[in-house]
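# Observations on the model geometry
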Amino acid sequence: MSKHTAGPWESGFNPKGGYSNSVVVRPAGEFPHGLWIADCGNDADGERIANARLIAAAPDMLEALKGILSNPGGRCGADQWQAGLRAIAKAEGRL
């Protein structure tokens, strides 16, 4: 069982702005207050926003990857299969 905060996560802006936490990731439904998953900085530029979106998608990507790899008869080659297993292990702290 994973020990990370359960998804889904969402990215957004601190409504007060001007702080080091203007672009943040939180569990879905916890804006504008609640637990922070990630603080992506106070400049709402494209890179920080993209970083926040990528972080917010992590639980979804993990579940999707698990789903793809749950079918040994899938279209993945052996190298892709092993890379997927390593990614899951890293995301779950087993690597």
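I will try to describe carefully the structure that is included in this document. (Residues numbered from 1 in each chain as written. Predicted model: local features only at pLDDT ≥ 70, side-chain atom pairs only at ≥ 80, totals over all residues. Heavy atoms only, no water.)

### What about the overall build of the protein chain?
Rules: Secondary structure counts use DSSP, requiring at least four H or I residues in a row for a helix and at least two E residues in a row for a strand, with both numbered from the N terminus. Any pair of residues with heavy atoms lying within 4.5 Å of one another is described as a contacting pair. Accessible areas in this description were obtained via Shrake-Rupley with a 1.4 Å probe; residue shielding takes into account the shown protein chains only.
Summing up its helical and strand segments, the protein chain has three helices and three strands in all. Contacts in the protein chain between residues far apart in sequence, at least 24 positions, make up 25% of those at least 6 positions apart. A total accessible area of about 6,400 Å² is found for the protein chain, and carbon and sulfur atoms account for 55% of it.

### Things to note about unusual backbone geometry
Residue P8 follows G7 across a cis peptide bond; omega there is 5 degrees. Along the chain, P8 turns up in the segment before β1 (9-13).

### As for the packing of helix α2 (residues 58-69) against helix α3 (residues 78-91)
Put simply, the rule reads: Fitted lines through C-alpha atoms serve as axes, helices being fitted only where they are in contact, and the angles separating the N-to-C directions of these axes extend from 0 to 180 degrees. With respect to orientation, any angle under 35 degrees is reported as roughly parallel, any angle over 145 as roughly antiparallel, any angle of 65 to 115 as roughly perpendicular, and every other angle as oblique. Crossing handedness is defined as follows: a turn of the near helix away from the far one that is anticlockwise and smaller than a right angle gives a left-handed crossing, while the clockwise case is right-handed. When residues are sorted by character, Ala, Val, Leu, Ile, Met, Phe, Trp, Tyr, Cys and Pro go into the nonpolar class, Asp, Glu, Lys and Arg into the charged class, and all the rest, Gly among them, into the polar class.
For the pair α2 and α3, the least separation of the axes is 10 Å and the interaxial angle reads 140 degrees. Judged on the interaxial angle alone, α3 and α2 are oblique. The element α2 and its partner α3 pack so that their crossing is left-handed. Judged by residue contacts, L62, L65, K66, I68 and L69 of α2 engage W81, G84, L85, A87, I88 and A91 from α3. Considering only residue class, the contact of α2 with α3 consists of nine nonpolar, one polar and one charged.

### Quick word on the sheet that holds strand β3 (residues 38-39)
Each strand in a sheet pairs with another by means of backbone hydrogen bonds, the pair being arranged parallel or else antiparallel. For clarity, the threshold we go by: Whether two strands pair comes down to DSSP finding at least two bridges between them.
In space, the three strands of this open sheet follow the order β1-β2-β3, with antiparallel pairing throughout. A single partner strand is all that each edge strand has here, and the edge strands are β1 and β3. Direction of pairing for strand β2 (residues 23-27) relative to β3: antiparallel, over a ladder of two bridges. In the strand pairing of β3, V25 is matched with A38. Here helix α1 (residues 46-56) sits on the sheet and contacts β1, β2 and β3; the angle it forms with β1, its principal contact strand, is near 160 degrees.

### Here's the deal with the pattern of salt bridges
For side chains bearing opposite charge, pairing can occur when the charged atoms are close. Put simply, the test is: Any carboxyl oxygen of Asp or Glu within 4 Å of a side-chain nitrogen of Lys or Arg constitutes a salt bridge here.
Throughout the structure, instances matching the rule amount to three salt bridges. A salt bridge links K66 to E63, with the nearest nitrogen and oxygen atoms 3.7 Å apart. On the criterion of helical spacing, the pair formed by K66 and E63 is a turn pair, its members being three residues apart in helix α2. Taking the shortest distance from any N to any O, the salt bridge between K66 and E92 comes out at 2.8 Å. Of this pair, K66 sits in helix α2 while E92 sits in the segment after α3, and the two are 26 residues apart along the sequence.

### Some remarks on the nonpolar core
Selection criterion: Definition of nonpolar core: a set of buried residues of the types Ala, Val, Leu, Ile, Met, Phe, Trp, Tyr and Cys, connected through side-chain atoms within 4.5 Å. Per-residue accessibility, obtained with a 1.4 Å probe over protein chains only, is compared with the maximum for each type, and a residue is labelled buried under 20%, exposed over 50%, and partly exposed between these values.
Counting seven residues, the largest nonpolar core consists of W9, V23, V25, A38, C40, A52 and A56. Setting aside residues no more than four positions away along its own chain, C40 makes contact with V23, R48, N51, A52 and I55.

### Focus: α2
The cut-off we apply is this: An expected span of 1.5 Å times one less than the residue number is assigned to each helix. Taken from the helix axis, the directions to the C-beta atoms give the arc we talk about.
Over its 12 residues, α2 runs 16 Å from end to end, which matches the ideal 16 Å to within 8%, given 1.5 Å per residue. Of all the positions in α2, only P59, L62 and L69 are classed as buried. Taken end-on, α2 shows its buried residues confined to a sector of 100 degrees, consistent with a single buried face. Buried-residue contacts for α2 involve β1, α1 and α3.

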